[in-house]
Amino acid sequence: MRHPDAPAPGELLGAHYGQCFGCGGDQPHGLHLEARAGEGVSLTAEFTVQPAHQGAPGLAHGGVLTSALDETLGSLNWLLRTIAVTGRLETDFVRPVPVGTTLYLEAEVTAVAGRKIYSTATGRVGGPDGPVAVRADALFIEVKVDHFVDHGRQEEIQAAMNDPDQVRRARAFEVNP
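Residues numbered from 1 in each chain as written. Predicted model: local features only at pLDDT ≥ 70, side-chain atom pairs only at ≥ 80, totals over all residues. Heavy atoms only, no water.

A. The environment of G24, seen in detail. Residue placement: G24 occurs in the segment before β1 (34–37). Separated by 10 residues in the primary sequence, G24 and E34 have C-alpha atoms spaced 9.4 Å apart. Residue contacts for G24: discarding those within four places in its chain leaves A15, Y17, G18 and H32. (Helix = DSSP H or I, 4+ residues; strand = E, 2+ residues; numbered from the N terminus. Contact = heavy atoms within 4.5 Å.)

B. View of the confidence of the model for the protein chain. Taken residue by residue, the protein chain gives an average pLDDT of 88. The fraction at 70 or more is 85%. The element-level mean pLDDT for the protein chain is lowest in helix α2 (residues 146–151), coming to 58, with strand β5 (residues 116–125) highest at 98. (pLDDT = per-residue confidence, 0-100.)

C. Region of interest: the pairing of β1. The alternating pattern of β1 places A35 and A37 on a buried face, while none of E34 and R36, on the opposite face, is buried. Connecting β1 to the antiparallel partner strand β2 (residues 42–48) that follows it, the hairpin turn spans four residues, and G40 within it adopts a positive phi of roughly 60°. (Buried < 20%, exposed > 50% of the residue type's maximum accessible area, 1.4 Å probe, protein only. Pairing = 2+ DSSP bridges.)

D. Broad picture of the sheet that holds β2. With antiparallel pairing, six strands are arranged side by side in an open sheet as β1-β2-β4-β5-β6-β3. Every interior strand has two partners, whereas the edge strands, β1 and β3 (84–93), have only one. Strand-to-strand, the axes of this sheet are offset by a mean angle of 20°, without reference to chain direction. Two strands pair when backbone bridges link them, and β2 and strand β4 (residues 102–113) are joined in this way by seven bridges, in the antiparallel orientation. Across the sheet, E46 pairs through a bridge with Y104, a residue of β4. (Axes fitted to C-alpha atoms, helices over the stretch in contact; angles between N-to-C directions.)

E. Spotlight on helix α1 (residues 62–80). The end-to-end C-alpha distance of α1, which contains 19 residues, comes to 28 Å, matching closely the 27 Å that a straight helix rising 1.5 Å per residue would cover. Within α1, 14 of the 19 residues are buried, which leaves it mostly tucked inside the rest of the structure. R81 lies just past α1 and shows a positive phi near 60°. (Expected span 1.5 Å × (residues − 1).)

F. Representation of the side chain of T91 within the structure. Here T91 shows up in strand β3. Residue T91 is classed as buried on the basis of its relative accessible area, which comes to 19%. Among residues more than four places away in sequence, those in contact with T91 are T66, L69, R135 and A136.

G. Main features of unusual backbone geometry. The residue H32 is not glycine, and still its phi comes out positive at about 55°. By relative accessible area, H32 is classed as partly exposed at 37%.

Written out as structure tokens, the structure reads:
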């Protein structure tokens, strides 16, 4: 169930961490993915494929598309107010995504069982109702903040933990960096 303190439907979630490749504004070649809370435990997101995101000439790299799906699915955890990391991500590539294309993503949590959070996402081209280009199913595992403290780079962990903005501080540790 959606946490009572989760952002309201339609609210922009914002970056969970400035250096995040998926949503961070401080990453010059990042996706700069923007996600909005939906109804229940769902959200919408979008990003535009840039030349730095190419695999084959003029087409988005599959790993970049997978990153967009992972970021979108990971953002669902903010609606649960749960710290979780990607345990499994299965991606289907349905059609090519050209550079300059905006990918419209929808994601929702499908089940929660103990520490396991199951979710699914779809990415479309040409608009929110356009043809499906990519889709994914994921399993996220709830973790304690110690997961990041024990495995992250100490100076960046400390900077995030010292952030005076309590919400930004909590969000820095919401998905696997």
